[in-house]
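Observations on the model geometry
Residues per chain are reported as follows:
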Amino acid sequence: MITFEHVTKRYGERLALDSVSWHMDEGECVVFLGHSGAGKTTLLRLVTHETHPTAGTVTVGTFRGPRLARAKRALLRRTLGIIYEDFRLLNDRTVFENVALAVRITGRFVDAEVVPRVLYALEEAGLQQKQGAFPSELSAGERQRAAIARAIVNRPAVILADEPTGALERHSAGEVVALLKRIHAEGAALLLVTTRPGVAEAMGGRILRLDDGRLAGEGAPPATAAATTATVTAAARATLAQAPPSAGAASTTVAEPPGGASAMPPPGPAGPAPGAAPGGAP
Amino acid sequence: MRLYFFREAWRSFRKHSGIAYTAIFSLAATLTLCGLFLLLAHNAQVALRLIGDRREMVVYLRDDVTTEQRDALVARLAELYGGATYVSKQQAWDEFAQQVGDPQLLESVDQNPLPASLRVRLRPELLNFPAMQQAAKQVSEFPEVEDVRYGGEWVRRLDELSAMFEAGALAVGLVVALAIVFVIYNTLRLTVLARRHQVEIMSRLGATDRFIATPFVIEAVAEALVAALLALGILLGLQQAFMRQVVSVVFLSLPWVAGFVVAAMVLAWLAAMLALSRVLRAVGS
């Protein structure tokens, strides 16, 4: 699905990635954990072909090569769902229009086909009540869920998430992690990068540690093992209880590093089976 | 999907109406200047056509030419150069008398000195100086012909004037075309840069350049259409005012109007494609 073979990336004199090799399969969940500047975002930018490797080869599905033509690059990005730390929503459009844009970009659907797809994604993200709201009218957590709805609306094979909880407070972060786990449980591969060991562990996938552009090992850092396993806050429990009735049983236990007073939400409600029709979607 | 592109173009127009109105008024001013010259060139062309219609060759006949010879010559001239009308010696005298108008002066002439002639209305393809010169030379070699007149110098000047107008129209057209491309190019660059955030997001979501560019192109072409109609309105107002106050001026004919509007839109489309191909590479990485 995604393979890096001895990939090196330099920005001028600065070495962002140093001969990194790794692979992820279809439906797998891989989390890159590392401090700020470790090369996590560069790694995602290489996957999306926003930048090109200085050396080595990046393969994403059938797309392979150092520099894709613009049309092929667009095609590659349509096979991915991308979630950013800063949401990257269009502020002059409603939540519905933001999500619909991703469908229209594929060029495969007429207007009448766009609506049910968007409503389905919004329902999965628990935002059907907010479809007419503008991003400025949403909380940070809701904005990130809108971005997730946009990422999943075309049912991509891989979801890329660049520090998806970075701009969120504890409660919203828990909601987002639960939602991502549910999407992964439905069959999508998930590639997530984060600085937070708690989030990495909560995702329940394979953890690869990045340190100054090099792969430093697999699994959570030792410090995290001793971390306090967070308990679910009442607020997170209440919010998750409002999720669609078909929501899955993905477990969301987030461990925080020592000294962290945060508590992430635990198991979210059961998610829908892959391909299941959402209740109430037109 | 097509509706989506038009909605996006309208959204962009509303959101960046300042830039859009600046583009429309700049284009309208440019097109009005262009239209003024077109109006001048069109009126000059109409006037030249009227004058050109009166270009004819006068073939003076020898006094001893018989009626049969004259008829044969008329048929030959009609076949080679254009319809010929016979003007007898008496008719020529009557015309001369009418022009002079002074009976005493006319009485001083004992005998009609004017020759009979054939007035040849030349075919359109012969209405230029070199062709007329050659025709006159050929006709003068016919045995029945005494002399041939066609106002060579006057015809040459008329041709020069006509060529000058055509060259002027071409030069002004080129300058205006460049101005339109320049205005649209820079307007679109500003619009795209103002919407850089949106373009970047769309690019990262997998939008093709065509998908991103189409609303901008529609916007540019629509702005050119509005500007062209505005310019035509101004020109029509000027023409009406000029006609009432000064002298009769004809407005552009329908094909000229259509050509004016279509040319503005095509140029806007070209400029938009040029601008977007460059700016999208810079913005949508």
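An account of the accompanying structure is given in this report.

The rules behind each value
Residues numbered from 1 in each chain as written. Chains lettered and ligands numbered in written order. Predicted model: local features only at pLDDT ≥ 70, side-chain atom pairs only at ≥ 80, totals over all residues. Heavy atoms only, no water. Helix = DSSP H or I, 4+ residues; strand = E, 2+ residues; numbered from the N terminus. Buried < 20%, exposed > 50% of the residue type's maximum accessible area, 1.4 Å probe, protein only. Contact = heavy atoms within 4.5 Å. Areas by Shrake-Rupley, 256 points an atom, 1.4 Å probe, with all protein chains shown as cover. Pairing = 2+ DSSP bridges. Axes fitted to C-alpha atoms, helices over the stretch in contact; angles between N-to-C directions. Buried area = accessible area lost by both parts, 1.4 Å probe. Salt bridge = Lys/Arg side-chain N within 4 Å of Asp/Glu carboxyl O. Polar contact = N/O pair within 3.5 Å; in protein donor to acceptor, adjacent residues only side chain to side chain.

The next point concerns the overall build of chain A. Secondary structure summary: chain A contains nine helices and twelve strands in total. Counting all 282 residues of chain A, 55% fall into the buried class. Contacts spanning at least 24 positions in sequence make up 71% of the contacts within chain A whose residues lie at least 6 apart. When the accessible area of chain A is evaluated, it comes to approximately 11100 Å², of which 53% is carbon and sulfur surface.

Hydrogen bonds between backbone groups are what pair the strands of a sheet, and the pairing can be parallel or antiparallel. All names here are of chain B. Overall, antiparallel pairing links the four strands, which are arranged β2-β3-β1-β4 in an open sheet. The sheet is open, and its two edges are formed by β2 (84-87) and β4 (145-149), each paired on a single side. The average angle at which neighbouring strand axes cross in this sheet is 20 degrees, direction not considered. Here four bridges tie strand β1 (residues 56-61) to β4, and the two strands are oriented antiparallel to one another. Each bridged residue has a counterpart across the sheet, and for V58 the counterpart in β4 is R149. Against the sheet, helix α3 (residues 67-80) touches β1, β2, β3 (117-121) and β4, its axis set at about 15 degrees to β3.

Counting from both sides, the interface comprises 24 residues of chain B and, opposite them, 22 residues of chain A. Both sides of the chain B and chain A interface together cover about 2100 Å² of buried area, and 52% of this is carbon and sulfur. Along the contact surface separating chain B from chain A lie five salt bridges. Residue A:E50 pairs with B:R204 through a salt bridge whose shortest N-O separation is 3.0 Å.

Another aspect to go through is unusual backbone geometry. All names here are of chain A. Backbone geometry at H6 places phi at a positive 45 degrees, although glycine is not the residue there. Take H6: it is sitting in strand β1 (residues 2-11). Residue H6 is classed as exposed on the basis of its relative accessible area of 54%. You will see that E163, though not glycine, has its phi angle at about 45 degrees, which is positive.

Our next topic: the pattern of salt bridges. If you walk through the whole model with that rule in mind, you get 24 salt bridges over all chains. Close ionic contact of A:R214 with A:D18 constitutes a salt bridge, the shortest N to O distance being 3.0 Å. One end of the pair, A:R214, is in strand β10 (residues 214-218); the other, A:D18, is in strand β2 (residues 14-24), with 196 residues separating them in the sequence. Here A:R214 falls in the partly exposed class, since its relative accessible area comes to 45%. Residue A:D18 is classed as partly exposed on the basis of its relative accessible area, which comes to 23%. Across the salt bridge formed by A:R145 and A:E175, the nearest N and O atoms sit 3.5 Å from each other. In this pair, A:R145 is assigned in helix α5 (residues 140-152) and A:E175 in helix α6 (residues 170-185), connecting sequence segments 30 residues apart. Residue classification places A:R145 among the buried positions, given a relative accessible area of 12%. Taking the relative accessible area as the measure of exposure, A:E175 reaches 7% and is therefore buried. Here the salt bridges do not stand alone but share partners, grouping A:D92, A:R93, A:E97, B:E8, B:R11 and B:K15 into one network.

We now examine the side chain of B:E8. Along the chain, B:E8 turns up in helix α1 (residues 2-15). Look at B:E8 and you get buried, because its relative accessible area is 5%. Engagement of the side chain of B:E8 in a polar contact is seen with the side chain of A:R93, the distance being 2.7 Å. In this view, B:E8 contacts A:R93, B:R195, B:Q198 and B:P215; residues no more than four positions away in its chain are not counted.

On their own, these measurements won't tell you what the molecule is for.
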